[in-house]
Amino acid sequence: MFIEFTRARAVLASALCNALLVCSTSVWADRAQSLQISKAWLRATPPGASVDAGYFTLLNHGNRTLRIVGIQTALAKSAEIHQSFERDGREQMRSVEGGLAIGPGQTVALTPGSYHLMLMGLDHALVAGTSGVITLLLDDGSKLVTTIPVLTEWPATEGKESP
Ligand SMILES: [Cu+2]
């Protein structure tokens, strides 16, 4: 019942947006709320570092695919979702074309050596014990704002899980 109601509301909101060519983010709040973020951390940097990586796990408990198309943060000049890959024996990375998609019921883990949040042009060094605010922008215009702790590494007690 709840899912049907949510879908009907989304369809209605979509129709309204098309009619008015105006979308208020509050209309779309349900979409970002389908996204659950966990195991989030930003890697602590040495002083003077200009780039950094962050990691988290995303669960889409909604009934449609969500796509992260942008990142906003005051921590750095720019931020993107990157994917690490190996070429000619060297680890390289690239931004994820078209945004990071999370299907209905799907979990996508950003972990060292795989997908990661890339911060470029750091405003200041990220010190362990502090935290930073990251905003994920979804393709429907909704946003997920989250505060992420700065750690030297993922706590060993919880295991370093890989996807
Ligand atoms: Cu990267």
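You'll find the structure just up there.
Definitions and cut-offs
- Residues numbered from 1 in each chain as written.
- Predicted model: local features only at pLDDT ≥ 70, side-chain atom pairs only at ≥ 80, totals over all residues.
- Heavy atoms only, no water.
- Phe/Tyr/Trp six-rings, centres within 6.5 Å; stacked < 30°, edge-to-face > 60°.
- Helix = DSSP H or I, 4+ residues; strand = E, 2+ residues; numbered from the N terminus.
- Buried < 20%, exposed > 50% of the residue type's maximum accessible area, 1.4 Å probe, protein only.
- Lys NZ or Arg CZ within 6 Å of the ring centre and 35° of its normal.
- Donors = N, O, S within 2.8 Å, 3.2 Å for Na, K, Ca; no water.
- Tetrahedral: all angles 85-135°; square planar, octahedral: opposite > 155°, others 65-115°.
- Polar contact = N/O pair within 3.5 Å; in protein donor to acceptor, adjacent residues only side chain to side chain.
- Contact = heavy atoms within 4.5 Å.

Undergrad: Even after reading the chapter, I still don't get the packing of aromatic side chains, so can you show me in this structure?
TA: Two numbers describe a pair of aromatic rings. These are the distance of the centres and the angle of the planes. This structure, assessed with the given rule, holds two aromatic pairs. Relative to Tyr 55, the ring of Trp 41 has its centre 5.1 Å away and its plane inclined at 40°; by these criteria the two rings are tilted. Of this pair, Trp 41 sits in strand E1 (residues 35-43) while Tyr 55 sits in strand E2 (residues 51-60), and the two are 14 residues apart along the sequence. On the accessibility criterion, Trp 41 (4% relative accessible area) is buried. Accessibility expressed as a relative area gives 7% for Tyr 55, which makes it buried. Ring centres 6.5 Å apart and planes at 45° place the aromatic pair Trp 41 and Trp 154 in the tilted group. On the criterion of sequence distance, the pair formed by Trp 41 in strand E1 and Trp 154 in the segment after strand E10 (143-151) is long-range, its members being 113 residues apart. Considered together, Trp 41 and Trp 154 belong to a single accessibility category, that of buried residues. The rings of Trp 41, Tyr 55 and Trp 154 are connected pair by pair, giving a single aromatic cluster. Positioned above the aromatic ring of Phe 85 is the side chain of Arg 94, whose terminal nitrogen or guanidinium carbon lies 4.1 Å from the ring centre.

Undergrad: How should I be thinking about unusual backbone geometry in this particular structure?
TA: Negative phi is the rule for most residues except glycine; trans is the rule for most peptide bonds. At Lys 39, a residue that is not glycine, the phi angle is positive and equals roughly 50°. Topologically, Lys 39 is positioned in strand E1. Under the relative-accessibility criterion, Lys 39 is labelled partly exposed at 35%. Although it is not a glycine, Asp 88 adopts a positive phi angle of roughly 55°. Overall, the relative accessible area of 76% leaves Asp 88 in the exposed class.

Undergrad: Before we go on, may I ask you to explain the coordination of the copper ion in this structure?
TA: Tetrahedral coordination by four donors sets the ideal angle at the metal to 109.5 degrees; octahedral coordination by six donors sets it to 90 or 180 degrees. With distances of 2.1 to 2.2 Å, the protein atoms coordinating the copper ion are His 82 (ND1), Met 93 (SD), His 116 (NE2) and Met 118 (SD). With four donor atoms in place around the copper ion and angles of 98 to 119° between them, the coordination shape is tetrahedral. Given the relative accessible area of 41%, Met 93 is considered partly exposed.

Undergrad: Would you mind showing me how to read the side chain of Ser 142 here?
TA: With respect to the secondary-structure elements, Ser 142 resides in the loop between strand E9 (131-138) and E10. A distance of 3.5 Å separates a polar side-chain atom of Ser 142 from the backbone nitrogen of Ala 32. In this structure the side chain of Ser 142 is engaged in a polar contact, spanning 2.7 Å, whose partner is the side chain of Asp 140.

Undergrad: Looking at this model, I keep getting lost on the environment of Gly 99. Mind explaining?
TA: Tracing the chain through its elements places Gly 99 in the loop between strand E5 (90-95) and strand E6 (100-102). Sequence spacing of Gly 99 and His 82 is 17 residues, and the spatial spacing of their C-alpha atoms is 9.7 Å. Discounting chain neighbours no more than four positions away, the residues touching Gly 99 are Arg 67, Ile 68 and Val 69.

So yeah, pure geometry; function would need other evidence.
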